[in-house]
Every structure is written in structure tokens, then in C-alpha cells.
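# A closer look at the structure
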Amino acid sequence: MKDAYSLILAAIDDGTYRPGDRLVESELAERFGVSRTPVREALQRLETQSMLTRDGRSLIVATLDHNQLAELYTVRTELEALAAKLAARHATREEVLVLGRMVDDDHAIVDDPQALSRANRRFHHQIHLASHNRYLVQQLDIVHRTMALMARTSLAAEGRGHRSLAEHREIVEAIASGDAAAAESALRNHISTAYQTRLLESARVWASTIEQGPR
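## Description of the packing of aromatic side chains
Inspection of every chain in the model, using the stated rule, returns one aromatic pair. Residues Tyr 73 and Tyr 195 carry aromatic rings whose centres are separated by 4.5 Å and whose planes lie at 15° to one another, so their mutual orientation is stacked. Within this pair, whereas Tyr 73 is found in helix α4 (residues 66-90), its partner Tyr 195 is found in helix α9 (residues 180-212), the two being separated by 122 residues in sequence. Taking relative accessible area as the criterion, Tyr 195 reaches 18% and is therefore assigned buried. Here the basic side chain of Arg 45 rests over the ring of Tyr 5, its NZ or CZ set 3.6 Å away from the ring centre.

## Let's talk about the confidence of the model for the protein chain
Of the residues in the protein chain, 94% have a pLDDT of 70 or more, and the chain-wide mean is 91. Averaged pLDDT values over the elements of the protein chain bottom out at 86 in α9 and peak at 98 in helix α5 (residues 93-106).

## Side note on the packing of helix α6 (residues 113-130) against helix α8 (residues 160-176)
Running from amino to carboxyl end, α6 crosses α8 at an angle of 15°, the nearest separation of the two axes being 12 Å. As summarised for this structure, α6 and α8 are arranged roughly parallel, according to the angle between their axes. Once α6 is placed against α8, the crossing between them reads as left-handed. Facing Leu 116, Asn 120, Phe 123, His 124 and Ile 127 of α6, the residues of α8 in contact are Gly 161, Ser 164, Leu 165, His 168, Ile 171, Val 172 and Ile 175.

## Details of α8
Taking 1.5 Å as the rise per residue, α8 with 17 residues should run 24 Å; its terminal C-alpha atoms sit 24 Å apart, in good agreement. When α8 is considered as a whole, its buried residues turn out to be Arg 160, Gly 161, Ser 164, Leu 165, Glu 167, His 168, Ile 171, Val 172, Ala 174 and Ile 175. Gly 178 sits one or two positions beyond α8 and adopts a positive phi of about 75°.

## What about the pattern of salt bridges?
Under the defined criterion, the tally for this structure stands at ten salt bridges. A salt bridge links Arg 188 to Glu 78, with the shortest nitrogen-to-oxygen separation between them at 2.9 Å. In this pair, Arg 188 is assigned in helix α9 and Glu 78 in helix α4, connecting sequence segments 110 residues apart. Given the relative accessible area of 41%, Glu 78 is considered partly exposed. Between Glu 167 and Arg 160 there is a salt bridge, with its nearest N and O atoms 2.8 Å apart. Like Arg 160, Glu 167 is buried.

About the cut-offs
Residues numbered from 1 in each chain as written. Predicted model: local features only at pLDDT ≥ 70, side-chain atom pairs only at ≥ 80, totals over all residues. Heavy atoms only, no water. Phe/Tyr/Trp six-rings, centres within 6.5 Å; stacked < 30°, edge-to-face > 60°. Helix = DSSP H or I, 4+ residues; strand = E, 2+ residues; numbered from the N terminus. Buried < 20%, exposed > 50% of the residue type's maximum accessible area, 1.4 Å probe, protein only. Lys NZ or Arg CZ within 6 Å of the ring centre and 35° of its normal. pLDDT = per-residue confidence, 0-100. Axes fitted to C-alpha atoms, helices over the stretch in contact; angles between N-to-C directions. Parallel < 35°, antiparallel > 145°, perpendicular 65-115°, else oblique. Left-handed = near helix turned anticlockwise from the far one by under 90°. Contact = heavy atoms within 4.5 Å. Expected span 1.5 Å × (residues − 1). Salt bridge = Lys/Arg side-chain N within 4 Å of Asp/Glu carboxyl O.

Below, the structure written as C-alpha cells:
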């Protein structure tokens with residue numbers, strides 16, 4: 001059975017609770033069927049990790065501003081690229097085959113952004129594990145946990161799903177060939193493209209808000 005922390009974190013990750021939503025201790029305890037004490041401890045832990053922030057006496061799911069997003073992607077790019085480079089050196093044959101199978105299977109859900117987003121996280125986590133560096137995996141877990149604070153997946157952008165899978169295929173081929181430099185480069189380009197897509201989507205949302213004007 002999962003603990004209260006894992007349950008709340010999963011609910012943020014899957015969009016049940018989105019940035020700006022208020023989390024109420026009693027409601028969470030009822031939703032997850034646990035007592036209020038572990039919920040209170042979980043909320044305190046999430047606040048310490050900057051997943052939640054204070055709004056008066058209430059705790060709300062944190063929102064990443066433009067600068068925080070840039071900082072997050074900078075760190076993610078470096079760590080993910082390192083993971084790909086190490087995976088090219090240390091991944092077992094079975095791990096490479098699993099990565100390839102993931103890309104094959106994900107074509108079936110390419111038009112479902114939320115399902116593809118979950119599959120994308122599994123794919124990247126598999127690369128992290130294939131690096132065979134426990135400390136790197138721990139740091140990447142922190143980065144990906146924080147990414148749950150982004151309300152919308154970049155894979156929802158038109159055509160991004162198909163491009164992302166093509167990029168995944170390139171990464172897998174580089175890892176399979178043992179080419180550490182190519183794997184690192186392919187992963188860097190993949191994250192860069194995802195970041196550009198997210199920035200463009202944010203710009204479109206902002207422009208749409210401006211065009212609507214005051215009500």
C-alpha cells in the first residue's frame with residue numbers, strides 16, 4: 001500500500017491536483033482513506049521540497065514561473081544527457097531491447113497526449129536506470145518530480161508526439177551502438193526541442209489572453 005506522500009505526489013503528477021489548487025488535509029485523508037496525521041506529514045514534506053507553497057494559512061500546489069522553468073530545463077538537460085552518455089557505455093543488451101520496445105509500443109498511443117506523457121516518463125526513467133549510476137538516478141527523480149508542476153505536457157502540441165518518438169528512436173539507436181557522444185547529443189536535442197515547444201505553447205496562451213482583453 002502506498003503512503004500518503006506517494007499518493008499525493010501521484011495525484012499532482014497525473015493532474016488531479018494542478019498548480020494553484022488548494023490541498024486540504026481533511027479532504028486528502030478522506031480521498032485516500034488514510035488518517036490525517038500521515039497526510040499532514042506528507043504535506044509538510046512536499047512543502048519542504050517546494051512542491052507546495054503557502055497562500056496565507058493554506059497550502060497550494062506550486063506554480064513554476066518563467067525563470068524557474070528555464071532553470072529546471074537547464075539542470076534536466078545536463079543530467080539527462082549524462083544519463084544517455086552513461087547508458088551508451090553501460091546498458092545491457094536487455095535494457096537496450098526494452099528501450100526499443102517502448103518506442104515501438106508508444107506509437108499506439110501517439111495521439112493521446114496524457115498516455116504518451118506517462119509513457120515518456122517511463123522511457124526516460126529506463127534510460128536513467130540504464131546509466132547504472134544510482135546517484136544520477138536520485139537527482140533525476142527530483143527533477144522529474146518537480147516537472148509534475150507543469151500543468152500541461154508539451155506532447156499535447158500538434159505533431160509533437162510523432163516528433164518525440166522519432167527523437168526517442170534516435171536516442172535508442174545511439175545507445176545501442178555504444179556511441180556515448182551521439183547518445184548525449186541526441187538527448188540534448190530532444191530536451192531542447194521539448195523546451196522550445198513548451199515556450200511556444202506558453203507564448204500562444206499568453207497571446208490568446210491578451211487578445212481576449214478585459215471582460
